[in-house]
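Commentary on secondary and tertiary structure
In case you want the letters, here they are:
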Amino acid sequence: MVFLQAEMSWNVLISPTQLSPKGLLLRKAIIVRLLEDIANRKASKDHGYYIAVNELKAISEGKVRELTGDVLFPVTFTCITQKPMKGEILVGSVDKILKHGVFLKSGPIESIFMSEKTMNDYKYIGGENPMFMNAHSKLEKDTAVRFKVMGFRWMEADRQFQLLATLAGDYLGPL
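Per an unreviewed UniProt entry, the recorded name for the protein is DNA-directed RNA polymerase subunit, and the organism is Zizania palustris. Reading the Function (unreviewed entry) entry of the UniProt record for the protein gives the comment "DNA-dependent RNA polymerase which catalyzes the transcription of DNA into RNA using the four ribonucleoside triphosphates as substrates."

As structure tokens, then:
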């Protein structure tokens with residue numbers, strides 16, 4: 001997956017109980033809240049998956065919300081992100097095996113589907129521990145697999161990407 005560094009702006013909301021006349025404690029509360037917000041947000045269509053906050057560039061003057069007393073601080077920071085790209089080669093592990101294909105996981109991406117039609121000469125073998133097998137190797141649960149990204153789409157409701165994968169290509173398959 002491609003790692004990117006993005007400069008972002010965010011509004012951090014601090015409750016009155018976290019406010020302190022000591023500047024360092026306020027700065028700490030803003031940083032902690034920013035990290036919590038990033039972890040909860042998980043990913044975005046434009047930036048991909050949020051991996052880490054790199055640098056806090058600026059904390060602008062806070063604005064008090066009249067009804068709640070919360071203070072809104074506009075913050076600028078840089079963040080390391082990961083975004084899937086069509087055609088890139090990734091490594092993942094088999095999560096679930098169905099008759100019509102395999103679901104994989106790779107890093108923060110939990111929804112990768114590889115159709116049986118894109119797995120060359122692999123054949124489905126059902127049973128208690130289903131698998132796909134060819135003359136040289138097999139794909140079963142927890143097998144590490146090198147695959148190529150055929151396409152992806154952003155799912156706003158789940159805040160994640162869904163990928164379509166293939167084994168068609170040189171040096172792709174179980175590791």
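Moving on from the coordinates now.
Considering the pairing of strand S5 (residues 71-83)
Across 13 bridges, the pairing between strand S1 (residues 2-14) and S5 is antiparallel. In the sheet register, Val-2 faces S5, and the bridge partner there is Lys-83. As paired strands, strand S3 (residues 48-59) and S5 are joined by eight bridges and run antiparallel to one another. Within S5, the position partnered with Ala-52 by the bridge is Ile-80. Pairing of strand S4 (residues 63-64) with S5 involves two bridges; the strand directions are antiparallel.

Overview of the packing of aromatic side chains
Going through the model one piece at a time under the given rule, you end up with seven aromatic pairs. Geometrically, the ring pair formed by Trp-10 and Tyr-50 is edge-to-face, given 6.4 Å between the ring centres and 85° between the ring planes. Of this pair, Trp-10 sits in strand S1 while Tyr-50 is found in strand S3, placing the two residues 40 residues apart along the sequence. Ring centres 5.1 Å apart and planes at 50° place the aromatic pair Phe-103 and Phe-113 in the tilted group. You can see Phe-103 sitting in strand S7 (residues 101-106) and its partner Phe-113 sitting in strand S8 (residues 109-115), a full ten residues away along the chain. Taken together, the aromatic side chains of Tyr-49, Phe-152, Trp-154 and Phe-161 make up a single cluster linked through ring pairs. The lysine or arginine in question, Lys-96, covers the ring of Phe-103, its NZ or CZ lying 5.8 Å from the ring centre.

Brief notes about the nonpolar core
Core analysis: the largest hydrophobic core is formed by 24 residues, its most contacted members being Leu-104, Met-114, Met-119, Leu-139, Phe-147 and Leu-167. Contributions of two or more residues to this core are made by strand S6 (89-98), S7, S8, strand S12 (144-155) and strand S13 (160-166). Sequence-distant contacts of Met-114, defined by excluding residues within four places in its chain, comprise Gly-101, Val-102, Leu-104, Met-119, Leu-139, Val-145, Ala-165, Thr-166 and Leu-167. Residues Trp-10, Ile-14, Leu-56 and Val-71 belong to the second largest nonpolar core, which totals 17 residues.

A few points about the pairing of S6
Strand direction decides the pairing type here: S6 and S12, joined by five bridges, are antiparallel. Paired with Gly-92 across the strands is Val-145, a residue of S12. As paired elements, S6 and S7 share five bridges and run antiparallel to each other. Counterpart to Lys-96 in the pairing with S7 is Phe-103. Counting the residues between successive antiparallel strands, the hairpin from S6 to S7 contains two residues.

The rules behind these values
- Per chain, residues are indexed from 1 in the order of the written sequence.
- Whole-chain, interface and lining totals are the exception, using all residues; otherwise, since this is a predicted model, local features are given only for residues with pLDDT of at least 70 and side-chain atom pairs are given and counted only at 80 or more.
- Excluded from the side-chain calculations are hydrogens and water; all other atoms, namely the structure's heavy atoms, are used.
- UniProt positions are given in the numbering used here, feature names are shortened, and annotations may be inferred rather than shown by experiment.
- Whether two strands pair comes down to DSSP finding at least two bridges between them.
- Numbering of helices and strands runs from the N terminus, with a helix taken as a DSSP run of H or I at least four residues long and a strand as a DSSP run of E at least two residues long.
- Two rings from Phe, Tyr or Trp (for Trp, the six-membered ring) form a pair when their centres sit within 6.5 Å of each other. Planes less than 30 degrees apart are called stacked, planes more than 60 degrees apart edge-to-face, and all others tilted.
- By definition here, charges over rings are those cases where NZ of Lys or CZ of Arg is within 6 Å of the ring centre and within 35 degrees of the ring normal.
- Here, nonpolar core refers to any group of buried Ala, Val, Leu, Ile, Met, Phe, Trp, Tyr and Cys residues whose side-chain atoms link them within 4.5 Å.
- Between buried and exposed lies partly exposed: a residue is buried under 20% and exposed over 50% of the maximum accessible area for its type, with that area taken using a 1.4 Å probe on protein chains only.
- The criterion used for residue contact is that any of the two residues' heavy atoms lie within 4.5 Å.

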